[in-house]
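Take a look at the letters that make up each chain.
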Amino acid sequence: MRYALIADIHGNLPAFKALIQDIEGQNVDKFIFAGDYWGDLPYPNEVVSIIRGMDNAYAVSGNKEGYLVHLKGNPEKNWKHKQYNCLYWNYDELEEANLQYLIDLPEEMRVNLEDGKSIHLIHSITDLFKDTKLSSMRSSSYRKIVEAPDYAHESFGGFAKELIEKDNDLCEKIEAFPSDLIIFGHTHIQWHARVRGKVLINPGSCGMPLDLQPSAAYALLDIQGDDIKVSERRVQYDIDGLISEAKSFGLYKVAKGWSEAVFEQLTYAGEQVYFFLKHVRKVGLEHGEDEFCLLYTSDAADE
């Protein structure tokens, strides 16, 4: 069986369509989606409708989908924080069927394969293995890693493997984990590694890569009995055209600051939004902001 692994689309329809076109020539049997399908670019319905229309796909929710539950449970009169206008605008744009589809997605999933192997699908691997060195591989730390003189992106899987293997407790947890493969996203950094007989795969971000390579990322997974092969792929698309078109949407008018940070991430594939969120969280804590403020910025807690 051959699987296309896709994560972190973030409403980037042109990048997603470019991946789909590339995948069409790869003899893929099934798609696996690892969360965060909407929220930062103005195409939430188009992206979600494509995924909903697939009858050969597995999908779980990401942290972006988690925000929908909170938004749907709160009247719009409580939506008072302008720094979240990007999220508010996208939420209002979502058609009811697409909104409910995202809300109903499971947070994690086990996929049993025909040969007895299994895949565990989750958005963030740190949700499985808390308080471990995995948190060191977030996008905000990536630039420090790549500043090493002998570094190349292709070696990041080796870096991740070495980091994990230094954590004996984490290694034991991975070895004891009941699935053979763990597929996840969230960090927007493409890598894979084999650790203690398990295969860990982050296909990278389709819509907003943060590994200093602006091209859209995904991965191919081939499983033939005991033979497991992972191929990391990148696809070029018209980023300048996307940014120009995105500026014509109402999203840009109501969330210009956030949109500009997103555009910079698209262009340079380096973290920007994390540091914005970290500042927002700091100010929110100082001023006793409401639950949503802290929920939305929780990923930007102090390292």
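Residues numbered from 1 in each chain as written. Predicted model: local features only at pLDDT ≥ 70, side-chain atom pairs only at ≥ 80, totals over all residues. Heavy atoms only, no water.

**Student:** For this particular structure, what's the right way to read the overall build of the protein chain?
**Tutor:** Helix and strand counts for the protein chain stand at 13 helices and ten strands. The burial tally for the protein chain puts 55% of its 303 residues in the buried class. In the protein chain, the share of contacts with a sequence separation of at least 24, taken over all contacts with a separation of at least 6, comes to 70%. When the accessible surface of the protein chain is split by element, carbon and sulfur atoms take 47% of a total near 13600 Å². (Helix = DSSP H or I, 4+ residues; strand = E, 2+ residues; numbered from the N terminus. Buried < 20%, exposed > 50% of the residue type's maximum accessible area, 1.4 Å probe, protein only. Contact = heavy atoms within 4.5 Å. Areas by Shrake-Rupley, 256 points an atom, 1.4 Å probe, with all protein chains shown as cover.)

**Student:** In this structure, what is going on with the packing of helix α2 (residues 44-52) against helix α5 (residues 96-104)? I would like to understand it.
**Tutor:** Geometry of a packed helix pair, given as the angle between the helix axes and the separation of the axes. Relative to each other, α2 and α5 sit at 65°, their axes nearing to 10 Å. The angle between α2 and α5 places the two elements in the roughly perpendicular class. Every pair of crossing elements has a handedness; the one defined by α2 and α5 is left-handed. Of α5, the residues touching α2 (which contributes N45, V48, S49, I51 and R52) are A97, N98, Y101 and L102. Counted by class, the contact of α2 with α5 contains five nonpolar, three polar and one charged residues. (Axes fitted to C-alpha atoms, helices over the stretch in contact; angles between N-to-C directions. Parallel < 35°, antiparallel > 145°, perpendicular 65-115°, else oblique. Left-handed = near helix turned anticlockwise from the far one by under 90°. Nonpolar A, V, L, I, M, F, W, Y, C, P; charged D, E, K, R; others polar.)

**Student:** Got a minute to help me understand the packing of aromatic side chains in this structure?
**Tutor:** The way to describe two aromatic rings as a pair is by their centre distance and the angle between their planes. With the rule as written, the count across this model stands at seven aromatic pairs. With 5.3 Å between their ring centres and 70° between their planes, Y43 and F249 make a pair best called edge-to-face. Of this pair, Y43 sits in the loop between β2 (30-33) and α2 while F249 is found in the loop between α9 (239-246) and α10 (250-254), placing the two residues 206 residues apart along the sequence. What makes F249 partly exposed here is its relative accessible area of 24%. Ring centres 5.9 Å apart and planes at 20° place the aromatic pair Y252 and F263 in the stacked group. Of this pair, Y252 sits in helix α10 while F263 sits in helix α11 (residues 256-268), and the two are eleven residues apart along the sequence. Assigned by exposure class, Y252 and F263 land together as buried. One aromatic cluster is present, built from ring pairs that chain together F16, F31, F33 and Y37. (Phe/Tyr/Trp six-rings, centres within 6.5 Å; stacked < 30°, edge-to-face > 60°.)

**Student:** Is there a simple way to explain the environment of I9 in this structure?
**Tutor:** Inspection of the secondary structure puts I9 in the loop between β1 (2-6) and α1 (13-23). For the pair formed by I9 and M208, sequence separation is 199 residues and the distance between their alpha carbons is 6.9 Å. Non-local contacts of I9, meaning those with residues more than four positions away in its chain, are made with F16, F33, G35, D36, Y37, V47, I51, C206 and G207.

**Student:** Where do I start with helix α8 (residues 168-176) in this structure?
**Tutor:** Looking at α8, one finds that the buried residues are L170, C171 and I174. Looking straight down α8, one finds its buried side chains confined to an arc of 100°; they lie on one side. Turned more than 90 degrees off the buried face of α8, the exposed positions are N168, E172 and A176. Among the structural elements, α7 (156-165), β7 (191-195) and β8 (198-202) are those in contact with the buried residues of α8. (Arc of directions from axis to C-beta.)

**Student:** Please clarify how the sheet that holds β2 should be interpreted in this entry.
**Tutor:** Through backbone hydrogen bonds, the strands of a sheet pair up, either in parallel or in antiparallel fashion. Strand order across the open sheet formed by five strands is β3-β2-β1-β9-β10, with mixed pairing between neighbours. Strands at the two margins of the open sheet, each flanked by one partner only, are β3 (57-59) and β10 (227-235). On average, adjacent strands in this sheet sit at an angle of 20° to one another, irrespective of strand direction. Relative to strand β9 (residues 216-224), β1 is paired through four bridges, and the arrangement is antiparallel. Of the residues in β9, the one forming a bridge with Y3 is L221. Where α1 meets the sheet, it contacts β1, β2, β9 and β10, and its direction lies at approximately 35° from that of β9. (Pairing = 2+ DSSP bridges.)

**Student:** I'm lost on the pairing of strand β5 (residues 118-122) in this one. Help?
**Tutor:** As a general feature of sheets, a regular strand has side chains that alternate between the two faces. Burial analysis of β5 places five of its five residues in the buried class, the great majority of the element. Of the two faces of β5, the one carrying S118, H120 and I122 and the one carrying I119 and L121 are both buried. As paired strands, strand β4 (residues 108-112) and β5 are joined by five bridges and run antiparallel to one another. By the bridge assignment, N112 is partnered in β5 with S118.

**Student:** What should I look at first to understand the pattern of salt bridges in this one?
**Tutor:** Side chains carrying opposite charge are able to pair once their charged atoms draw close together. Under the criterion given, the structure shown has ten salt bridges. Between R233 and D22 there is a salt bridge, with the nearest N and O atoms lying 3.0 Å from each other. Separated by 211 residues along the polypeptide, R233 in strand β10 and D22 in helix α1 bring together distant segments of the chain. Residue R234 is joined to D211 by a salt bridge in which the shortest nitrogen-to-oxygen separation is 2.8 Å. Here R234, found in strand β10, pairs with D211, found in the loop between β8 and β9; they are 23 residues apart in sequence, far enough to count as distant. (Salt bridge = Lys/Arg side-chain N within 4 Å of Asp/Glu carboxyl O.)

**Student:** What's the story with the side chain of H123 in this structure? I'm lost.
**Tutor:** By the secondary structure assignment, H123 is in the loop between β5 and α6 (139-146). Within the local environment of H123, its side chain forms a polar contact with the backbone oxygen of A34, the two atoms lying 2.7 Å apart. (Polar contact = N/O pair within 3.5 Å; in protein donor to acceptor, adjacent residues only side chain to side chain.)

The quantities given are spatial measurements derived from coordinates; they are silent on function.
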